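Read off the chains here:
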Amino acid sequence: MNQDMFSLQGKVALVTGAAYGIGFAIAEAYAQAGAKIAFNCRSKEHLDTALANYRQKGIEAKGYLCDVTDEAQVAAMVAEIEQTLGTIDILVNNAGIIKRIPMTEMSVEEFRQVVDIDLNAAFIVSKAVLPGMMEKKRGKIINVCSMMSELGRETVSAYAAAKGGLKMLTKNIASEYGAYNIQCNGLGPGYIATPQTAPLREVQPDGSRHPFDSFILAKTPANRWGTPEDLMGPALFLASEASDFVNGQILYVDGGILAYIGKQP
Ligand code: NAP
Ligand code: GCO
């Protein structure tokens, strides 16, 4: 067995939306394994804070202001990364948003915005980095899916549609480009404590847990929310040689939610 199969030494990784949250933890894991890190976000404030936070961890990340839904911005970012760091070996399509609105009250524009960022952008960024991977005959694309790639719930119609589509885009990239020694897999986090889920964990005025918080604890065998750090090992596995024969799979990191009927109230 190759002892260095989890090493990313000499690799270039682009993690989209990695200013904080899950993306930041994935980028940190990759840097610890030896990769050179590039990331992007839309907000200058988030970018500057993130660069300082990476530096505090000894990571000299390259940060870009780039909206992943904008093909021209993505093309310029990828070209700049390839000129300064080299061909992108690892792409994590992590950038994403959610809008929690009952479907009958959601506007078409709101639905389209979620699908644009959570699904269409993965197509845009993957299309931009695939040529370099094809030339090198090697590459890793990891799409950050969700419980909502498998399950629905009230108010998240756009998000579930996008994440379900992202699961199938993952399988299709795996099918179409596997012959180039490119592996495309999904990472399916469960319920993770990040700014995205903060509204679901807000302490109630009477000091009690948010009802959804209690619901998730009852649905999770581990009886806890996940943390971005819980994703570091699985994300490293999918980015490393250790997963060279894993292709088109969704690796769920959910504490067992998908396997469990839930604790009796
Ligand atoms: P988050 O804390 O809200 O962070 C989202 C990141 O994406 C931010 O850096 C944000 O920065 C960036 N972003 C959003 N839209 C963008 C765009 N159009 N272009 C470029 N960057 C953009 O989210 P998270 O909880 O870390 O989630 C990260 C990914 O994991 C998402 O795809 C999410 O759907 C997925 N996920 C999350 C959970 C969970 O429980 N937290 C579970 C399963 C899957 P700017 O706002 O500055 O652009
Ligand atoms: C929600 C949550 C979920 C998580 C995640 C679960 O409102 O249900 O935001 O969608 O973000 O995607 O895996």
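Let us look at the structure shown here.

About the criteria used
Residues numbered from 1 in each chain as written. Chains lettered and ligands numbered in written order. Predicted model: local features only at pLDDT ≥ 70, side-chain atom pairs only at ≥ 80, totals over all residues. Heavy atoms only, no water. Axes fitted to C-alpha atoms, helices over the stretch in contact; angles between N-to-C directions. Helix = DSSP H or I, 4+ residues; strand = E, 2+ residues; numbered from the N terminus. Parallel < 35°, antiparallel > 145°, perpendicular 65-115°, else oblique. Left-handed = near helix turned anticlockwise from the far one by under 90°. Contact = heavy atoms within 4.5 Å. Nonpolar A, V, L, I, M, F, W, Y, C, P; charged D, E, K, R; others polar. Expected span 1.5 Å × (residues − 1). Buried < 20%, exposed > 50% of the residue type's maximum accessible area, 1.4 Å probe, protein only. Arc of directions from axis to C-beta. Polar contact = N/O pair within 3.5 Å; in protein donor to acceptor, adjacent residues only side chain to side chain. Near = heavy atom within 4 Å. Areas by Shrake-Rupley, 256 points an atom, 1.4 Å probe, with all protein chains shown as cover. Pairing = 2+ DSSP bridges. Right-handed = clockwise from strand over helix to strand, strands pointing away.

1. Details of the packing of helix H4 (residues 108–136) against helix H5 (residues 157–177)
Then comes step 1: Remark: H4 packs on H5, axes separated minimally by 8 Å, with the N-to-C direction vectors making an angle of 15°. Classified by the angle their axes make, H4 and H5 are roughly parallel. Seen from above, H4 lies across H5 with right-handed handedness. From H4, Phe111, Val114, Val115, Asp118, Leu119, Ala122, Phe123, Ser126, Leu130 and Met134 reach across to H5, where they touch Ser157, Ala158, Tyr159, Ala161, Ala162, Lys163, Gly165, Leu166, Leu169, Ile173 and Tyr177.
Then comes step 2: Across the contact of H4 with H5, the residue classes tally to 16 nonpolar, three polar and two charged.

2. Topic: the side chain of Asn93
Then comes step 1: Structurally, the position occupied by Asn93 is in strand E4 (residues 90–93).
Then comes step 2: For Asn93, the contacting residues outside a window of four places in its chain are Thr16, Ala121, Ala122, Val125, Ser126, Ile141, Ile142, Asn143 and Val144.

3. Things to note about helix H3 (residues 71–84)
Then comes step 1: Helix length check: H3, at 14 residues, gives a terminal C-alpha distance of 20 Å against a target of 20 Å (1.5 Å per residue), a fit within 8%.
Then comes step 2: Within H3, the full set of buried residues consists of Val74, Met77, Val78 and Ile81. All buried residues of H3 project into a common sector of 95° when viewed along the axis, lining one side. Exposed and oriented more than 90 degrees from the buried face of H3 are Ala72 and Gln83.
Then comes step 3: On its buried face, H3 is in contact with strand E1 (12–16), strand E2 (36–41), strand E3 (62–65) and H4.
Then comes step 4: The N-cap of H3, judged by a side-chain oxygen 3.0 Å from the amide nitrogen of Ala72 a few residues on, is Asp70.
Then comes step 5: Positive phi shows up at Gly86, right after H3, with a value of about 115°.

4. Focus: the site of ligand 1
Then comes step 1: In the vicinity of ligand 1 there are 30 residues, among which Arg42, His46, Asn94, Tyr159 and Thr194 approach most closely.
Then comes step 2: For ligand 1, an oxygen atom lies 2.9 Å from a polar atom in the backbone of Ile22.
Then comes step 3: Take Asp67: an N or O atom from its side chain is 3.0 Å from a nitrogen atom of ligand 1.
Then comes step 4: Compared with its free state, where it exposes 890 Å², ligand 1 has 96% of that area covered by protein.
Then comes step 5: Sorting the residues of the shell around ligand 1 by element identifies helix H1 (21–32), E2 and H5 as the ones contributing at least two each.

5. Let's talk about the pairing of E4
Then comes step 1: Residues Ile90 and Val92 line one face of E4 and the alternating positions Leu91 and Asn93 line the opposite face, and both faces are buried.
Then comes step 2: In the sheet, E1 pairs with E4 via three bridges, with the strands oriented parallel. Paired with Val15 across the strands is Val92, a residue of E4.
Then comes step 3: In the sheet, E4 pairs with strand E5 (residues 139–144) via four bridges, with the strands oriented parallel. In the strand pairing of E5, Ile90 is matched with Lys140.
Then comes step 4: Following the chain from E4 across H4 to the adjacent parallel E5, one finds a crossover that is right-handed.

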